[in-house]
Amino acid sequence: MSAARGDVDQLDPNANLGGRALGQFLASVELRAFKIAQAALRHEDDALDAVQDAMLQLARAYAHRPAEEWRPLFYRILENRIRDMQRRRTVRDRVMSWWPFAPDGQEGADPIAEAAAEELPPARRLELDEAMSALERAVGELPRRQQQVFLLRTLEGLDVAQTARAMGCSEGSVKTHYFRALRTLRAQLGEHL
Amino acid sequence: MTSADDTTLFEQRLRALLEEHAQRASGRIRSHLTQARHAAVAQMISGGARGLALRGRRLWVPATGVVAAAAVLALVVRLHQPQTTPAAAAANAIASGDLDLLTDHDGLTLVEGGDGEFYEWAVYEAQAEPGQGSGGAAGHAH
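Residues numbered from 1 in each chain as written. Chains lettered and ligands numbered in written order. Predicted model: local features only at pLDDT ≥ 70, side-chain atom pairs only at ≥ 80, totals over all residues. Heavy atoms only, no water.

### What about unusual backbone geometry?
Inclusion rule: Put simply, DSSP H or I for four residues or longer makes a helix, DSSP E for two residues or longer makes a strand, and each gets a number counted from the N terminus.
Even without being a glycine, A:Arg42 presents a positive backbone phi close to 55°. Note on placement: A:Arg42 falls in the loop between helix H2 (13-41) and helix H3 (44-62).

### Description of the packing of aromatic side chains
Put simply, the test is: Paired rings are identified among Phe, Tyr and Trp, the last through its six-membered ring, by centres lying within 6.5 Å, and are further divided according to the angle between planes into stacked (under 30 degrees), edge-to-face (over 60) and tilted (the rest). Exposure is judged per residue with a 1.4 Å probe applied to protein chains only, and the accessible area is read against the type maximum: over 50% gives exposed, under 20% gives buried, and values in between give partly exposed. A ring is scored as having a charge over it whenever the NZ atom of a lysine or the CZ atom of an arginine sits within 6 Å of its centre and within 35 degrees of its normal.
Tallying each qualifying case throughout the model produces three aromatic pairs over all chains. Centroid distance A:Phe25 to A:Phe74: 6.0 Å. Interplanar angle 90°. Geometry classified as edge-to-face. Taken together, the residues A:Phe25 in helix H2 and A:Phe74 in helix H4 (residues 70-96) connect sequence positions 49 residues apart. Across the pair, A:Phe74 and A:Phe25 agree in class, each one buried. Centre to centre, the rings of A:Phe74 and A:Tyr75 are 5.3 Å apart; their planes meet at 80°, and the pair counts as edge-to-face. The pair formed by A:Phe74 and A:Tyr75 is uniform in burial state, with each residue classed as buried. Ring pairs connect the aromatic residues A:Phe25, A:Trp70, A:Phe74 and A:Tyr75, which therefore count as one cluster. The residue whose ring lies beneath A:Arg153 is A:Tyr178, and the NZ or CZ to ring-centre distance is 4.8 Å. In this structure, A:Arg186 is placed above the aromatic ring of B:Phe10, and the distance from its NZ or CZ to the ring centre is 5.8 Å.

### Thoughts on the environment of A:Met167
Residue and element names in this part refer to chain A. Note the following rule: Any two residues whose heavy atoms approach within 4.5 Å at even a single point are treated as in contact.
Mapping methionine 167 onto the fold places it in helix H8 (residues 160-167). Overall, the relative accessible area of 2% leaves methionine 167 in the buried class. Methionine 167 sits 94 residues away from leucine 73 along the chain, and the two C-alpha atoms are 9.7 Å apart. What methionine 167 contacts, discounting residues up to four positions off in sequence, is Arg76, Glu79, Arg145, Gln148, Val149 and Leu152.

What follows is the structure in structure tokens.
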């Protein structure tokens, strides 16, 4: 294995540089991408699968593209993956609704694994938890397109053109979805923020 | 404060809240994401090497094709080329001589007419001195 890796390095020295750049890019987006996928799928493991698939697909098909294009491409792939998983889940839910012993969606949570990476002061943590719960609830109730546009714009910081590319829609559509999402969230979260 | 400013402030608060929440992912999530990232990078590196090998192969394929096409062309040209070896040339000469005889009307007339006088002259001509051949034959014939 190490020999094969050595051969690879010898064959294409640029691959290492490209691999490092891709690794840095993925590290910079992975947590936010996970949150975006989780908001859409409402399931941790599905969200992890979606992000992993998007990473692999980006590496497989688009790693040779300029690094500036990676972000919208990555979110475009993730968006497609989320949509596929939602469709599949719809079919699965229809089938499982006929099944008398429906399985539980999430595995039992491991308190150690679920522990937050960084400890915060309890008061701050409580405040953040309340605000976050309200935000998650409100974002979760948004129509899917509004939700994705809102998260890509607000959390990931994509501009209108990049969001349009990632969503596969027009810039005007992005602006409309974003405005409506903001209006709804403001109406629901005014007192929490 | 205008409505636009208000909206911008609201967006900023949302962004800060979402960002803080995103960074609070559990160890399990972070571990999974790290593994996925490493897998993607490994795939890119191996894919890059494979791509290089494919690019090399792509250069070899036309070169091999050109060589093969040249060999076939040379073979075809050689098969259609006239034979130039001595034996082939002699065979060609005999064949063309036979053809001349067959198509030569006078030759057939000589054979059919049983013109012995001509053959006698030919033998005589062959036995005669080189210097006298032509004149003697002409005199004997007449």
